[in-house]
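# Residue-level structure breakdown
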Amino acid sequence: MKCDPNLYRAAPPSLAVKPRLIRHLFLPPLIIVLMIGLGYAGFWTSEHFGIRSLSENGQRQLELHARTVESELSKYTYLPSLLELETSVPQLLADPTPEHRQTVNAYLEGLNRRSRSRAIYVMDTTGRVMATSNWRDVDSYLGEDLSFRAYFQKAVRGEPGRFYGIGSTSGEPGYYLAHGLEEHGKIIGVAVVKVRLEALEERWQRARLEAFVSDENGIIILSSDPARRLKSVIPLSDETKEKLARSLQYYWFPLNELQPLARETLAEGVEKLTFPANSELSADDDSISYLAQTRPLNDTPWNFTLLTPLQDLRREAINQGILVAVAFALVAFLLIAWNERRKVIATRLAAREALQEANNQLERRITERTGDLRASNERLKSQIRERRQAEETLRRAQDELVQAGKLAAIGQMSTSIAHELNQPLAAMRTLSGNTIRFLERGQLDVASTNLKTINDLIDRMGRITASLRSFARRGDDKGQASLGKAVDAALQLLGARVDSMALHLHRQFSDVQVQIDQTRLEQILVNLIGNALDAMQAQPLPQLWLEGEAFNGKYRLRVRDNGHGVDAEARKHLFEPFFTTKPGEQGLGLGLTLSASLAAATGGHLGVEHPASGGTTFVLSLPLVSPDSAEPI
Ligand code: ADP
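## Observations concerning the overall build of the protein chain
Along the backbone of the protein chain there are 14 helices and 18 strands. Within the protein chain, buried positions represent 39% of all 633 residues. Considering only contacts within the protein chain whose residues lie at least 6 apart along the sequence, 60% involve residues at least 24 apart. Of the accessible surface of the protein chain, which amounts to about 36500 Å², a share of 55% is contributed by carbon and sulfur atoms.

## A few points about the site of the ligand
Taken together, 20 residues sit near the ligand, with Asn 531, Asp 561, Thr 580, Thr 581 and Lys 582 positioned nearest. One of the backbone N or O atoms of Gly 591 is found 3.3 Å from an oxygen atom in the ligand. Within the side chain of Thr 616, a nitrogen or oxygen atom sits 3.4 Å from a nitrogen atom of the ligand. For the ligand, whose accessible area on its own is 530 Å², the fraction buried by protein is 95%. For the shell around the ligand, the secondary-structure elements that each account for two or more residues are α12 (518–535) and α14 (591–601). At three residues, α12 tops the list of elements feeding residues into the shell around the ligand. Considering only residue class, the shell around the ligand consists of nine nonpolar, nine polar and two charged.

## Quick look at the sheet that holds strand β4 (residues 173–183)
The five strands are arranged β2-β1-β5-β4-β3 in an open sheet whose pairing can be described as antiparallel. Where the open sheet ends on each side, the last strands, each with one partner, are β2 (129–132) and β3 (161–166). Ignoring which end each strand starts from, the neighbouring axes of this sheet average 25° apart. Both strand β1 (residues 119–124) and strand β5 (residues 186–195) contribute to a ladder of six bridges, which runs antiparallel. By the bridge assignment, Ala 119 is partnered in β5 with Lys 194. Here helix α4 (residues 98–115) sits on the sheet and contacts β1 and β2; the angle it forms with β1, its principal contact strand, is near 145°.

## A word on the pattern of salt bridges
Evaluation of the coordinates by the stated rule reveals 27 salt bridges. The closest approach of N and O atoms between Glu 63 and Arg 67, which form a salt bridge, is 3.2 Å. In this pair, Glu 63 and Arg 67 both sit in helix α1 (residues 13–74), four residues apart, roughly one turn of the helix. Residues joined by salt bridges that share partners form a network here, namely Arg 118, Glu 172, Lys 194, Arg 196 and Glu 198.

## Quick look at the packing of α12 against α14
For any two helices packed against each other, the geometry is given by the interaxial angle and the distance between the axes. Running from N to C, α12 and α14 cross one another at 145°; their axes reach a closest spacing of 9 Å. In terms of crossing hand, the pair formed by α12 and α14 is left-handed. Here Arg 520, Gln 523, Ile 524, Asn 527, Leu 528 and Asn 531 of α12 come into contact with α14, specifically with Gly 591, Leu 592, Ser 595, Leu 598 and Ala 599. For the contact of α12 with α14, the per-class residue count stands at five nonpolar, five polar and one charged.

## Let's talk about a nonpolar patch on the surface
Among the surface-exposed residues, Leu 21, Ile 22, Leu 25 and Phe 26 lie close enough to one another that they form a single nonpolar patch of about 430 Å² accessible area. As for its placement among the helices and strands, Leu 25 is situated in helix α1.

## Side note on the sheet that holds strand β15 (residues 543–551)
If you trace the five strands from one edge of the open sheet to the other, you get β13-β15-β16-β18-β17, paired in mixed fashion. With partners counted over all chains shown, the strands left at the sheet margins are β13 (504–508) and β17 (605–609), one partner each. Pairwise comparison of adjacent strand axes, ignoring direction, gives a mean angle of 15° for this sheet. Where strand β16 (residues 554–561) lies against strand β18 (residues 617–623), seven bridges are found, and the strand directions are antiparallel. For Tyr 555, the partnering residue across the bridge sits in β18 and is Leu 622. Sheet strands touched by helix α10 (residues 483–493): β13, β15 and β16. Its angle to β13, the strand with the most contacts, is close to 170°.

## Observations regarding the packing of aromatic side chains
The tally for this structure, following the rule as stated, stands at ten aromatic pairs. When the ring of Phe 575 is compared with that of Phe 618, the centres are 6.4 Å apart and the planes differ by 75°; the resulting orientation is edge-to-face. Taken together, the residues Phe 575 in the loop between α13 (568–571) and α14 and Phe 618 in strand β18 connect sequence positions 43 residues apart. For Phe 618, a relative accessible area of 8% translates into the label buried. An aromatic cluster of at least three residues, connected via ring pairs, comprises Tyr 151, Phe 163 and Tyr 176.

## Considering the nonpolar core
Where a protein is soluble and globular, its nonpolar side chains tend to be buried together. Counting 44 residues, the largest nonpolar core has Leu 83, Val 213, Trp 302 and Phe 304 as the members making the most contacts within it. The next biggest cluster of nonpolar side chains, apart from the first, holds 41 residues, and it includes Val 498, Leu 525, Val 559 and Leu 574.

## Focus on the confidence of the model for the protein chain
Per-residue confidence for the protein chain gives a mean pLDDT of 84; residues scoring 70 or more make up 88%. Taken as a whole, residues 279–283 scores under 50 in pLDDT and shows seven contacts with residues more than four places along the chain or in a different chain.

Calculation rules
- Residues numbered from 1 in each chain as written.
- Predicted model: local features only at pLDDT ≥ 70, side-chain atom pairs only at ≥ 80, totals over all residues.
- Heavy atoms only, no water.
- Helix = DSSP H or I, 4+ residues; strand = E, 2+ residues; numbered from the N terminus.
- Buried < 20%, exposed > 50% of the residue type's maximum accessible area, 1.4 Å probe, protein only.
- Contact = heavy atoms within 4.5 Å.
- Areas by Shrake-Rupley, 256 points an atom, 1.4 Å probe, with all protein chains shown as cover.
- Near = heavy atom within 4 Å.
- Polar contact = N/O pair within 3.5 Å; in protein donor to acceptor, adjacent residues only side chain to side chain.
- Nonpolar A, V, L, I, M, F, W, Y, C, P; charged D, E, K, R; others polar.
- Pairing = 2+ DSSP bridges.
- Axes fitted to C-alpha atoms, helices over the stretch in contact; angles between N-to-C directions.
- Salt bridge = Lys/Arg side-chain N within 4 Å of Asp/Glu carboxyl O.
- Left-handed = near helix turned anticlockwise from the far one by under 90°.
- Patch = residues over 30% accessible without salt bridge, like charges linked within 9 Å, V, L, I, M, F, W, Y side chains within 5 Å.
- Phe/Tyr/Trp six-rings, centres within 6.5 Å; stacked < 30°, edge-to-face > 60°.
- Core = buried A, V, L, I, M, F, W, Y, C linked by side-chain atoms within 4.5 Å.
- pLDDT = per-residue confidence, 0-100.

As structure tokens, this is what we get:
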């Protein structure tokens, strides 16, 4: 079984390798780039939505804590105005005697204790402190000129003075609320309450809240992180810095800016601020980002800012980004694997289809060839039939020829047969005439001898006619023959001619049984011996050798004469039908042809040799009936 190699031929390498090479070169970097891109997109989206959610949550927190600050501040708003109701205060301002001062001092001390404020004091319109709750302290404000304070300046004009500053005497920060004390519609002095707001900071710290309050100058006055305190949240010009320094609002503290590393405005009052790391909060990082939400505080020019750290959100966003990148890598890997598997399956299917196609082709070819074979088989069968018919015809023709040959031989022999029969007939006529006469004379013994001789002659004549009948009879080529008997019969048939030429016969063969009809063997031998006798006509010492030998399951009989032999030209045509060198009616040219075909019909052979010593040798080979039984006669 041979398959068409074309069916399995792979695609040309240049076409098959190139796309794969390109894929291998470009796919991994592409996947990496996409991983990074999608990872970043995941990170960005997560951060964006996280900030939005934080900002919503922060807004509530902002509101809550801003309200707390507002309520803390508003708690003291009414306190300075209360002093208007206390009669001793206008008395002091109108008449600043030590007694009046002492009375007001004691009153303020008590009020301060009850209100838990830091200090309460009263100033005249020039800004000098007339009485104060801390009159007992060493760093008492008593007698101090605080006219430079902005809260005084505002209050003396009749406006509410709100001020955060650091005390010039104590160096202690505080919230100052000032109120212009009126009498009959005229400002007679200013009452001030100083409040400490550290409690708010402590509360924020306890709640782990990052927040600060910046004042009208943008300076952080309250902060959960002390490091941020007294830093400016907006850029300050040198002029402003100088003005603020001169006002001693912030004592002598340097007003540095709270410089963020990055600042990004996300919405109105919402910023993303990144500060350099400075505290234990960001030990493992060199910067820290916050979501800064700012809201103005009511009744003050201050702003409350809530800082929500974005570290956790950032970490979460990084994780999300990594997750997206990993998920993408996984999906890409699965897609590649799926694609490879799809290609393998497609290749297998293609190979299977190719195989199927090859099988189909093979089956088609087998069918075609089987058809061809069947046709040639049919042709062979018809040829065999024709051959058989031809053989049959040939065999019939051979039989006819044999018959014709026999008849011809009979014709040829008729003269000698007639001579052969006439001789005893003539002898019998003479003998019978003599016998009659001897009987008439009464010579019975002589008559008896004659009758005996006549009887012998009749026997001889019977044998002759019997030989002729058996010769002429059609026989089949099955059966077996005795070589000795056949030779005897042939010699008897040719007896007259043998006797007439004083033949010297050499018999050197075995009486074997050969596979041929007896009559046919006799016929062959009559032909061969007859031809030898013809060839030796002119030979003064005619000799005939009949020599036999067993050879390869056959018996080979050589019929050799010392006749005139066969000339070179005739040798080529010896076995051709009707080839004869004999003159007139003597030869038909059928003897050798028939003999050879009779021998061949039994599986034997008839050949010729031309001995150098002269004469001719015909070699007759016939299959032995029992190959081991060949014994010399
Ligand atoms: P026919 O005897 O009628 O001629 P054959 O076929 O028997 O036909 O012989 C053919 C020829 O072969 C003979 O005419 C003769 O020339 C030659 N031939 C046959 N036998 C011998 C022989 N023993 N010696 C010489 N010539 C022979």
